[in-house]
Amino acid sequence: ALPDGRKPHITFNEADLSVKGFNGCNGFSGAYKEVNGQPELDNLATTMMACADEMNTEMRFMQALEKSVSYKVISGQLRTYNSEQEELLIFNAEK
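Here is a short report on the structure shown in this document. All values reported here derive from a predicted model rather than from experimental measurement.

When glycine is set aside, most residues are seen to have a negative phi, and most peptide bonds are trans. Although it is not a glycine, N36 sits at a positive phi angle of roughly 55 degrees. Mapping N36 onto the fold places it in the loop between β3 (27-35) and β4 (38-46). The class for N36 is exposed, based on a relative accessible area of 79%. With a phi angle near 50 degrees, S75 is a residue other than glycine that sits in the positive phi range. For S75, the location among the structural elements is in the loop between β5 (70-74) and β6 (77-81). Given a relative accessible area of 75%, S75 falls into the exposed group.

Here you go:
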């Protein structure tokens, strides 16, 4: 969590195949499609707020999201993996 309590997150909307979230500094949104049973992110756009301390978090989050090529849901968590199957991000499901 960041100093103000916010956490980077992502939300997939199955109804319109959209995605949105918060990367630690800015909000982002875009689309996704399912390819071979895996979501593939497309056309991500971010807001352009300047954040002094959170820029490193934002950069690492977006780089990991960009490198994610496969996803698994394990015990209520969405886990992302790169092409070498190294775990990159873990998201906890919210109720």
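There is more to say after this.
Read from one edge of the open sheet, four strands run β1-β2-β3-β4, paired in antiparallel fashion. Each end of this open sheet is capped by a strand with a single partner; those strands are β1 (9-13) and β4. Going across the sheet, the axis of each strand differs from the next one's by a mean of 25 degrees, ignoring polarity. Note: β1 against strand β2 (residues 18-22), five bridges, orientation antiparallel. Residue T11 lies in a different strand from β2, and its bridge partner there is K20. Relative to the sheet, helix α1 (residues 55-67) contacts β1, β2, β3 and β4, its axis offset from that of β4 by approximately 140 degrees.

So, how was this worked out
- Residues numbered from 1 in each chain as written.
- Predicted model: local features only at pLDDT ≥ 70, side-chain atom pairs only at ≥ 80, totals over all residues.
- Heavy atoms only, no water.
- Helix = DSSP H or I, 4+ residues; strand = E, 2+ residues; numbered from the N terminus.
- Buried < 20%, exposed > 50% of the residue type's maximum accessible area, 1.4 Å probe, protein only.
- Pairing = 2+ DSSP bridges.
- Axes fitted to C-alpha atoms, helices over the stretch in contact; angles between N-to-C directions.
- Contact = heavy atoms within 4.5 Å.

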